[in-house]
Amino acid sequence: MSQEPIVEIRELSKIYRQGDINVTALDNVSLDIARGEFVVLMGPSGSGKSTLLHIIAGIDRATSGKVLVQGINVANLNESELADWRNQNVGFVFQSFNLIPVLTAFENIELPLLLTALNRKQRREQVQTAMDLVGLGDRGHHRPDQMSGGQQQRVAIARALVTDPALIVADEPTGNLDSKSAADALGILQALSRDAGKTVIMVTHDPKAASFGTRSLHLEKGEIVV
Amino acid sequence: MNVATFVAKNALRNGRRAFLTIISVAVSCALLISLLTLQRELTTPPESEAASLRIIARNKVSLAQPLPARQLATLDKIPGIVSVSPFSFFGGKFREEIVTGFAQFAVDPARFAPLMVEGHILAGTYEDFIKDRNSCMLGADTMKRYGLKVGDKMKFTGTFYPVDLDLRIACIYEGMVDDRNVFFHHKLLDELTGDPGTVGTWYLLVESAEVSNDVITKINKAFENTSAEVRAETERAFQMGFISMLGNVKLLIGSISTVVVFTLVLVSISTMSMAIRERFRELAVLKALGFKRRELFSFILAESFGLAGLGALLGIGGSWLLWSHIDLQKLTNGFLIYFEVTPRIMATAGIVAALLGIVAAIGPSIAVARMSVVDGLKTLD
């Protein structure tokens, strides 16, 4: 594993306004994540772990501080640039899979590639590679409702890595899975980090899931405590 | 998969809703087309080149007031007039019909012949009509409708005049702006009514369109300060005046059309809003994957436009097929003759549907543009 930091976070704060009250979700967080690391963010509800994940992934903005991902200050990108940046650099895995129900597994995985300059053949090859990586070789033409939870999460992981991003963020990816499927999904994420050099950042409540990571960080009241 | 496939799959994901939306747009488009066609039928008189050469002179007081027959001598002397014929509406009832769908006019056959600029005789001879005072000239449409032929008798019960007519068909005409009418001898009407020395209106043909206004002025001046002042106007102006007696048909039909379109807009906006609200999470995911606001707007617009377009296609095509294959003249007893769904009317309905697709997409698109990815994902998780 390389020690080159892919994510550099400096004095990051996020304050939400809830009615008349300011709620501090992240308080002066500083953190480096190396390329190829599998970092697990843990902590109680409201500790700020999902907020931190969202800011790193470029779907939320910090109130103050700096987030550099592969040397790019995400905060300086406008909406449009941020969308392009996410498409090229970040793969998302969600707790509830968030697949498009009217599309087949193949089409769901292909979705992020519609924003690239790849032609139909290249897209097909790339989708097939992603499907093979997660062990979904022959399920391409099935719709999400025709697949188990574990298979749907594999499709979601394949969708996250089909654009070959450097960073994969997973927000409680095993929350809706049985223990066997959860272990399979975590094994895939672990392999992506270990064998393919992807940086994986995962939020979870589950200590078993955390054991698949290379580093665990605990957050409480917006601060990293471990 | 390409973007078009993606949009199509999304648009048709809820089959029943998509079907109902398409049908509601189709029915509304068909209704709009029918209303616009009806408006055109009622407010646009048939036009022909010859109509600009024909002038109708009526009593200035009202159309119902007759004019003295002696005015003919004065009219004959006005330069620029080719021919003048009395033209009196008989208003008889044919057979036992409650409403007779064609008019009968008393004319002077010899003087009337030059006025039939665009018409021609289909069967029988005009000479026969001129010679026989008890004969008539019948329009081809009415002949076909009642299965009549030259030599048959037509009996009319007078409603305006207290006399009945028993006419022999001398000839059949076609090619006029209205091929339904019956023309008979004014002399017969005079004879039956005791020769009151009056006519309903005067029907004139002028030499050219250029002299038309001059002739109208001269006619009006000729009878100024007489017991029967006249109002002369072109055939088209006369028809427009006649139409105005129907009331403000344009406003009435326009109002109904507006209500139809407005309802259609509400239905479409509601449908699109529902469809998008159900997919807020998915749209948030698309944003997370890198789709931009403008791309999501394009998807929503294409979806909305596609549904409205399909509905419009069905509605426009359906109404065109319906109205071009139904014998509306027969169904309405001659009240509606052409009921032609013109390309202009179809284009209007198409534009309305297109605008509808755009308007229905605006609200949901704004909501999606404002939605942050995190908020969108929270609505689900």
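This structure is a prediction, so every number in the text was calculated from the model and none was measured. (Residues numbered from 1 in each chain as written. Chains lettered and ligands numbered in written order. Predicted model: local features only at pLDDT ≥ 70, side-chain atom pairs only at ≥ 80, totals over all residues. Heavy atoms only, no water.)

J.: Where do I start with unusual backbone geometry in this structure?
T.: Trans peptide bonds make up the majority, and among non-glycine residues the majority have a negative phi. Phi at N98 of chain A takes a positive value of approximately 55 degrees, unusual for a residue other than glycine. Following the sequence through the fold, N98 of chain A ends up in the loop between β6 (90–94) and α3 (105–110). Residue classification places N98 of chain A among the buried residues on the basis of a relative accessible area of 4%. Unusually for a residue other than glycine, D195 of chain B sits at a positive phi of about 45 degrees. Secondary-structure assignment places D195 of chain B in the loop between α7 (186–192) and β11 (198–199). Overall, the relative accessible area of 52% leaves D195 of chain B in the exposed class. (Helix = DSSP H or I, 4+ residues; strand = E, 2+ residues; numbered from the N terminus. Buried < 20%, exposed > 50% of the residue type's maximum accessible area, 1.4 Å probe, protein only.)

J.: Sorry, what's going on with the interface of chain A and chain B here?
T.: Many authors give the size of an interface as the accessible area that is lost as the parts come together. Contact with chain A, which involves 26 residues of that partner, is made by 24 residues of chain B. Contact with chain B buries surface across chain A, with V102, L114 and L115 of chain A losing the most and accounting together for 21% of the total. Our count for the chain A to chain B interface comes out at two salt bridges. Contributions of two or more residues to the side of chain A that touches chain B are made by α2 (79–89), β6, α3 and α4 (120–133) of chain A. With six residues, the single largest contributor to the side of chain A that touches chain B is α2 of chain A. (Contact = heavy atoms within 4.5 Å. Buried area = accessible area lost by both parts, 1.4 Å probe. Salt bridge = Lys/Arg side-chain N within 4 Å of Asp/Glu carboxyl O.)

J.: Looking at this structure, how should I read the nonpolar core?
T.: Within soluble globular proteins, side chains that are nonpolar tend to cluster in buried spots. One finds V7, I9, L52, L111 and I201 of chain A to be the most contacted residues of the largest nonpolar core, which totals 59 residues. The greatest single-element share of this core, amounting to six residues, is contributed by helix α11 (residues 280–289) of chain B. If we ignore the near neighbours within four places in the chain, the residues touching V7 of chain A are L31, D32, I33, I56, L68, V69, L167 and I201 of chain A. Within the second largest apolar cluster, 39 residues are counted, among which are F112, A170, F183 and V199 of chain B. (Core = buried A, V, L, I, M, F, W, Y, C linked by side-chain atoms within 4.5 Å.)

J.: Looking at this structure, how should I read α2 of chain A?
T.: Count 3.6 residues to each turn of an α-helix, and residues three or four apart come out pointing the same way. Residues of α2 of chain A that are buried: L82, A83, W85, R86, N87 and N89 of chain A. A distance of 3.1 Å separates the backbone nitrogen of S80 of chain A from a side-chain oxygen at the start of α2 of chain A, and that oxygen is part of N78 of chain A. (Polar contact = N/O pair within 3.5 Å; in protein donor to acceptor, adjacent residues only side chain to side chain.)

J.: Teacher, can you tell me more about the pattern of salt bridges here?
T.: Opposite charge on two side chains makes pairing possible when the charged atoms of those side chains draw close. All names here are of chain A. Scanning the entire structure with this criterion turns up 29 salt bridges over all chains. One salt bridge connects K121 with E125, and the closest N-O pair in it is separated by 3.6 Å. Here the residue K121 and the residue E125 both occupy positions in helix α4, the gap between them amounting to four residues, near one helical turn. We note a salt bridge from D195 to R194, for which the minimum N-O separation is 3.1 Å. No difference in accessibility class separates D195 from R194, as the two residues are exposed.

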